[in-house]
Amino acid sequence: MITIDQTKSKMQTAIEHLNQELKHIRTGKADPGMLNSIQVEAYGTKMRMIEVATVTCPEPRQILITPFDPQNVGAIRKGIEAGNLNINPIVDGNLIRLNIPPMDQSMRNDMVKLAKKKGEDAKVSIRNARREGNDELKKDKSSGDLSEDLQKKGENDIQQLTDKFCKQVDEIIACKEKEVMAI
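To keep things clear, this report deals only with the structure shown in the data block. (Residues numbered from 1 in each chain as written. Predicted model: local features only at pLDDT ≥ 70, side-chain atom pairs only at ≥ 80, totals over all residues. Heavy atoms only, no water.)

### What to know about the sheet that holds strand 6 (residues 95-99)
Here is step 1 of the chain: Pairing in this open sheet of four strands is antiparallel, and the strands run 3-4-6-5 from one edge to the other. Sheet topology places strand 3 (53-59) and strand 5 (89-92) at the edges, where each strand pairs with a single neighbour. For this sheet, the mean angle separating the axes of adjacent strands, direction not counted, is 25°.
Here is step 2 of the chain: The sheet contact formed by strand 5 and strand 6 spans four bridges and is antiparallel. Bridging from a neighbouring strand, Pro-89 pairs with Leu-98 of strand 6. (Pairing = 2+ DSSP bridges. Helix = DSSP H or I, 4+ residues; strand = E, 2+ residues; numbered from the N terminus. Axes fitted to C-alpha atoms, helices over the stretch in contact; angles between N-to-C directions.)

Written out as C-alpha coordinates, the structure is:
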(Lines give C-alpha, C1' and ligand atoms only; values in the text may rest on other atoms or scores of the structure.)
Protein backbone atom coordinates (compact mmCIF):
# COMPACT_ATOMS: atom_id res chain seq x y z
CA MET A 1 0.00 0.00 0.00
CA ILE A 2 1.22 3.46 -0.88
CA THR A 3 0.11 4.93 2.47
CA ILE A 4 2.28 2.50 4.43
CA ASP A 5 5.31 3.20 2.22
CA GLN A 6 4.83 6.95 2.67
CA THR A 7 4.49 6.53 6.43
CA LYS A 8 7.62 4.38 6.57
CA SER A 9 9.50 7.01 4.55
CA LYS A 10 8.45 9.77 6.97
CA MET A 11 9.52 7.68 9.95
CA GLN A 12 12.88 6.94 8.32
CA THR A 13 13.34 10.68 7.74
CA ALA A 14 12.75 11.27 11.48
CA ILE A 15 15.52 8.76 12.30
CA GLU A 16 17.91 10.41 9.84
CA HIS A 17 17.15 13.82 11.32
CA LEU A 18 17.79 12.47 14.83
CA ASN A 19 21.18 11.13 13.75
CA GLN A 20 22.10 14.53 12.29
CA GLU A 21 20.98 16.32 15.47
CA LEU A 22 22.98 13.97 17.70
CA LYS A 23 26.18 14.79 15.81
CA HIS A 24 26.00 18.29 17.32
CA ILE A 25 25.92 16.99 20.90
CA ARG A 26 29.33 17.07 22.52
CA THR A 27 30.95 13.93 23.78
CA GLY A 28 34.21 13.66 25.68
CA LYS A 29 36.26 13.52 22.49
CA ALA A 30 36.82 15.72 19.46
CA ASP A 31 34.46 15.20 16.54
CA PRO A 32 34.65 17.11 13.24
CA GLY A 33 30.84 16.82 13.03
CA MET A 34 30.63 19.44 15.78
CA LEU A 35 31.48 22.04 13.14
CA ASN A 36 28.85 21.05 10.56
CA SER A 37 26.48 23.81 11.63
CA ILE A 38 29.17 26.54 11.64
CA GLN A 39 28.74 29.23 8.98
CA VAL A 40 31.81 31.12 7.74
CA GLU A 41 31.67 34.53 6.03
CA ALA A 42 34.02 33.98 3.07
CA TYR A 43 34.15 35.55 -0.37
CA GLY A 44 31.18 37.78 0.46
CA THR A 45 28.81 34.93 1.28
CA LYS A 46 28.05 32.53 4.12
CA MET A 47 29.55 29.10 3.56
CA ARG A 48 29.69 25.87 5.52
CA MET A 49 32.95 24.95 7.24
CA ILE A 50 33.62 21.98 4.94
CA GLU A 51 33.43 24.30 1.92
CA VAL A 52 36.31 26.50 3.12
CA ALA A 53 38.58 24.16 5.11
CA THR A 54 39.70 20.64 5.90
CA VAL A 55 38.71 19.51 9.40
CA THR A 56 40.67 16.70 11.10
CA CYS A 57 41.24 15.28 14.58
CA PRO A 58 44.96 14.66 15.09
CA GLU A 59 44.40 13.92 18.81
CA PRO A 60 41.38 12.69 20.77
CA ARG A 61 40.77 16.14 22.30
CA GLN A 62 41.80 18.40 19.43
CA ILE A 63 40.31 19.50 16.12
CA LEU A 64 42.62 20.92 13.46
CA ILE A 65 41.18 23.20 10.78
CA THR A 66 43.25 23.84 7.66
CA PRO A 67 41.70 26.53 5.41
CA PHE A 68 41.91 25.99 1.65
CA ASP A 69 42.73 29.71 1.38
CA PRO A 70 44.96 31.02 4.23
CA GLN A 71 43.24 34.41 3.99
CA ASN A 72 40.08 32.83 5.46
CA VAL A 73 41.69 32.06 8.83
CA GLY A 74 40.15 35.14 10.48
CA ALA A 75 36.69 34.46 9.01
CA ILE A 76 36.80 30.85 10.19
CA ARG A 77 37.83 31.95 13.69
CA LYS A 78 34.93 34.44 13.80
CA GLY A 79 32.52 31.77 12.57
CA ILE A 80 33.59 29.37 15.31
CA GLU A 81 33.26 32.06 17.98
CA ALA A 82 29.79 32.96 16.67
CA GLY A 83 28.80 29.27 16.64
CA ASN A 84 28.39 29.10 20.45
CA LEU A 85 30.45 25.94 20.86
CA ASN A 86 32.06 27.28 24.05
CA ILE A 87 35.46 26.49 22.55
CA ASN A 88 38.08 29.15 21.90
CA PRO A 89 39.83 28.78 18.54
CA ILE A 90 43.62 29.11 18.60
CA VAL A 91 45.12 30.57 15.43
CA ASP A 92 48.48 28.94 14.71
CA GLY A 93 49.83 30.49 11.52
CA ASN A 94 47.60 29.21 8.71
CA LEU A 95 45.91 26.65 10.97
CA ILE A 96 43.22 26.84 13.64
CA ARG A 97 43.29 24.49 16.60
CA LEU A 98 40.32 23.74 18.81
CA ASN A 99 41.23 22.12 22.11
CA ILE A 100 38.19 20.30 23.44
CA PRO A 101 38.08 20.68 27.23
CA PRO A 102 37.19 17.59 29.25
CA MET A 103 33.57 17.49 30.35
CA ASP A 104 32.63 17.35 34.03
CA GLN A 105 29.81 15.12 35.29
CA SER A 106 27.14 17.85 35.29
CA MET A 107 28.01 18.75 31.69
CA ARG A 108 27.76 15.09 30.70
CA ASN A 109 24.35 14.86 32.38
CA ASP A 110 23.19 17.96 30.49
CA MET A 111 24.32 16.43 27.18
CA VAL A 112 22.46 13.19 27.99
CA LYS A 113 19.31 15.20 28.78
CA LEU A 114 19.66 17.03 25.48
CA ALA A 115 20.09 13.74 23.60
CA LYS A 116 16.99 12.30 25.30
CA LYS A 117 15.01 15.42 24.36
CA LYS A 118 16.09 15.02 20.73
CA GLY A 119 15.01 11.37 20.95
CA GLU A 120 11.58 12.37 22.25
CA ASP A 121 11.26 14.89 19.42
CA ALA A 122 12.01 12.10 16.95
CA LYS A 123 9.37 9.88 18.56
CA VAL A 124 6.83 12.70 18.26
CA SER A 125 7.63 12.94 14.54
CA ILE A 126 7.21 9.18 14.20
CA ARG A 127 3.85 9.28 16.01
CA ASN A 128 2.73 12.17 13.81
CA ALA A 129 3.59 10.08 10.75
CA ARG A 130 1.52 7.23 12.25
CA ARG A 131 -1.44 9.56 12.81
CA GLU A 132 -1.20 10.93 9.25
CA GLY A 133 -1.03 7.41 7.82
CA ASN A 134 -4.02 6.25 9.84
CA ASP A 135 -5.99 9.36 8.83
CA GLU A 136 -5.22 8.63 5.18
CA LEU A 137 -6.43 5.04 5.60
CA LYS A 138 -9.67 6.27 7.23
CA LYS A 139 -10.16 8.74 4.40
CA ASP A 140 -9.66 5.98 1.81
CA LYS A 141 -12.18 3.76 3.64
CA SER A 142 -14.80 6.50 3.87
CA SER A 143 -14.44 7.27 0.14
CA GLY A 144 -14.96 3.57 -0.66
CA ASP A 145 -11.44 2.96 -2.01
CA LEU A 146 -10.58 0.61 0.87
CA SER A 147 -12.44 -2.15 2.71
CA GLU A 148 -12.60 -2.20 6.50
CA ASP A 149 -10.40 -5.31 6.64
CA LEU A 150 -7.67 -3.61 4.58
CA GLN A 151 -7.95 -0.49 6.73
CA LYS A 152 -7.46 -2.52 9.93
CA LYS A 153 -4.54 -4.41 8.36
CA GLY A 154 -3.00 -1.10 7.27
CA GLU A 155 -3.40 0.41 10.75
CA ASN A 156 -1.81 -2.70 12.25
CA ASP A 157 1.13 -2.48 9.81
CA ILE A 158 1.59 1.21 10.60
CA GLN A 159 1.56 0.46 14.35
CA GLN A 160 4.24 -2.20 13.85
CA LEU A 161 6.34 0.34 11.94
CA THR A 162 5.83 2.86 14.74
CA ASP A 163 6.96 0.35 17.37
CA LYS A 164 10.00 -0.61 15.28
CA PHE A 165 11.12 2.99 14.72
CA CYS A 166 10.51 4.04 18.35
CA LYS A 167 12.64 1.08 19.45
CA GLN A 168 15.33 2.23 17.00
CA VAL A 169 15.23 5.74 18.54
CA ASP A 170 15.69 4.22 22.01
CA GLU A 171 18.71 2.23 20.79
CA ILE A 172 20.28 5.29 19.14
CA ILE A 173 19.80 7.40 22.29
CA ALA A 174 21.21 4.63 24.53
CA CYS A 175 24.29 4.43 22.29
CA LYS A 176 24.75 8.23 22.39
CA GLU A 177 24.28 8.25 26.19
CA LYS A 178 26.97 5.59 26.54
CA GLU A 179 29.28 7.64 24.28
CA VAL A 180 28.69 10.86 26.26
CA MET A 181 29.16 9.23 29.67
CA ALA A 182 32.41 7.49 28.68
CA ILE A 183 35.38 9.19 30.29
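Structure shown, so let's carry the discussion forward.
### A closer look at the packing of helix 4 (residues 105-142) against helix 5 (residues 148-181)
Here is step 1 of the chain: At a minimum axis distance of 10 Å, the contact between helix 4 and helix 5 shows a crossing angle of 170°. Here helix 5 runs roughly antiparallel to helix 4, going by the angle between their axes.
Here is step 2 of the chain: Its residues assigned to classes, the contact of helix 4 with helix 5 comprises 13 nonpolar, nine polar and 11 charged. (Parallel < 35°, antiparallel > 145°, perpendicular 65-115°, else oblique. Nonpolar A, V, L, I, M, F, W, Y, C, P; charged D, E, K, R; others polar.)

### Comments concerning the pattern of salt bridges
Here is step 1 of the chain: Inspection of the entire model under this criterion finds 12 salt bridges.
Here is step 2 of the chain: Residue Arg-77 pairs with Glu-81 through a salt bridge whose shortest N-O separation is 3.2 Å. On the criterion of helical spacing, the pair formed by Arg-77 and Glu-81 is a turn pair, its members being four residues apart in helix 3 (residues 73-82).
Here is step 3 of the chain: Classification of Arg-77 as partly exposed rests on a relative accessible area of 26%.
Here is step 4 of the chain: Notably, a salt bridge pairs Asp-170 with Lys-123, separated by 2.6 Å at the nearest N-O pair. One end of the pair, Asp-170, is in helix 5; the other, Lys-123, is in helix 4, with 47 residues separating them in the sequence.
Here is step 5 of the chain: For Asp-170, a relative accessible area of 40% puts it in the partly exposed group.
Here is step 6 of the chain: Each member of the salt-bridge network shares a partner with another, and the members are Glu-120, Lys-123 and Asp-170. (Salt bridge = Lys/Arg side-chain N within 4 Å of Asp/Glu carboxyl O. Buried < 20%, exposed > 50% of the residue type's maximum accessible area, 1.4 Å probe, protein only.)

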